[in-house]
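Survey of secondary and tertiary structure
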Amino acid sequence: MTPPLIHLAEAQKSAPVTDWAARIGWVVGLLVFVIFLYWLMRQGWKWRGTLQGDLPELPTTPDDPGEPTLTLTGRYHGSTTAGQWLDRIVARGLGTRSRAELTLTDQGLDVVRPGAQDFFVPAAALRGARLDKGIAGKVLTEGGLLIVTWKHGDREIDSGFRADRADEHAAWVEALTTLANTTSTTEHTETEGAR
């Protein structure tokens with residue numbers, strides 16, 4: 001009974017690597033392929049920015065933005081064309097993810113992004129807000145993202161934010177929707193009165 005066990009223990013071992021040139025060639029080839037894929041993704045990002053070059057400059061915060069109604073700290077996850085959660089907008093720095101500090105006043109929404117371009121959404125440009133589960137490049141549980149819809153130039157944009165404390169989202173949806181409805185009602189009344 002002992003001899004078969006000895007034969008199993010003496011099984012052949014794998015041969016040592018002797019063709020280092022082929023091994024190094026494969027590693028270098030793989031690295032070149034990965035770098036090429038990264039370059040292609042970068043070119044695609046630049047091309048998308050060029051296609052969206054007609055997007056006007058982002059508004060900046062006015063000198064007197066007014067008294068804050070709500071504030072929030074969290075993350076900015078990006079912007080897309082309104083209603084098309086995969087059509088990412090990268091022009092004017094809107095594609096850059098970053099930390100964000102939001103401040104809502106009667107004049108609009110101030111978005112401060114350390115390390116990225118800040119922008120301001122005037123109250124007249126706000127179209128509403130909702131809770132959603134995803135925006136290009138980020139998917140969370142249902143209601144995990146605060147989506148703010150606003151108009152810039154001739155384009156409606158959805159911008160996605162996630163608060164450090166997600167229970168703040170509902171208050172933001174209510175406040176942004178109220179401000180958007182109040183502004184649109186005021187504009188509609190002024191337009192009707194001008195006729």
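Before reading further, recall that the structure is shown in the block above.
Please read these numbers as outputs of a predicted model, since none were measured by experiment.

1. Observations concerning the overall build of the chain
- Scanning the chain for helices and strands turns up three helices and ten strands.
- Overall, the chain shows an N-to-C arrangement of helices and strands of α-α-β-β-β-β-β-β-β-β-β-β-α.
- Each of the 195 residues in the chain was classed as buried or not, and the buried ones make up 32%.
- For the chain, long-range pairs separated by at least 24 residues make up 61% of all intrachain contacts whose partners lie at least 6 apart in sequence.
- Total accessible area computed for the chain in this model is approximately 12400 Å², and 59% of it derives from carbon and sulfur atoms.

2. With respect to a nonpolar patch on the surface
- Residues L30, F33, V34, F36, L37, W39 and L40 make up a contiguous nonpolar surface patch of about 700 Å² in total accessible area.
- Within the fold, L30 resides in helix α2 (residues 20–51).
- A residue is classified by how much of its surface remains accessible, and L30, at 54% relative accessible area, is exposed.

3. Thoughts on the pattern of salt bridges
- Taken as a whole and judged by the stated rule, the model has eight salt bridges.
- The partner of D87 in a salt bridge is R48, with the nearest N and O atoms 3.0 Å apart. On the criterion of sequence distance, the pair formed by D87 in the loop between β1 (70–81) and β2 (88–89) and R48 in helix α2 is long-range, its members being 39 residues apart.
- Judged by relative accessible area, D87 falls into the partly exposed class, the value being 25%.

4. Some points on the packing of aromatic side chains
- Counted by the stated rule, this structure contains four aromatic pairs.
- Relative to W39, the ring of F36 has its centre 6.1 Å away and its plane inclined at 25 degrees; by these criteria the two rings are stacked. Highlighted residues: F36 and W39, both in helix α2, separated by three residues, approximately one helical turn.
- Note on F36: relative accessible area 43%, which makes it partly exposed.
- Owing to a relative accessible area of 46%, W39 belongs among the partly exposed residues under this scheme.
- Pairing Y76 with F119 gives two aromatic rings, centres 6.2 Å apart and planes at 70 degrees, and the pair type is edge-to-face. Taken together, the residues Y76 in strand β1 and F119 in strand β5 (residues 119–122) connect sequence positions 43 residues apart.

Thresholds, definitions, all that
Residues numbered from 1 in each chain as written. Predicted model: local features only at pLDDT ≥ 70, side-chain atom pairs only at ≥ 80, totals over all residues. Heavy atoms only, no water. Helix = DSSP H or I, 4+ residues; strand = E, 2+ residues; numbered from the N terminus. Buried < 20%, exposed > 50% of the residue type's maximum accessible area, 1.4 Å probe, protein only. Contact = heavy atoms within 4.5 Å. Areas by Shrake-Rupley, 256 points an atom, 1.4 Å probe, with all protein chains shown as cover. Patch = residues over 30% accessible without salt bridge, like charges linked within 9 Å, V, L, I, M, F, W, Y side chains within 5 Å. Salt bridge = Lys/Arg side-chain N within 4 Å of Asp/Glu carboxyl O. Phe/Tyr/Trp six-rings, centres within 6.5 Å; stacked < 30°, edge-to-face > 60°.

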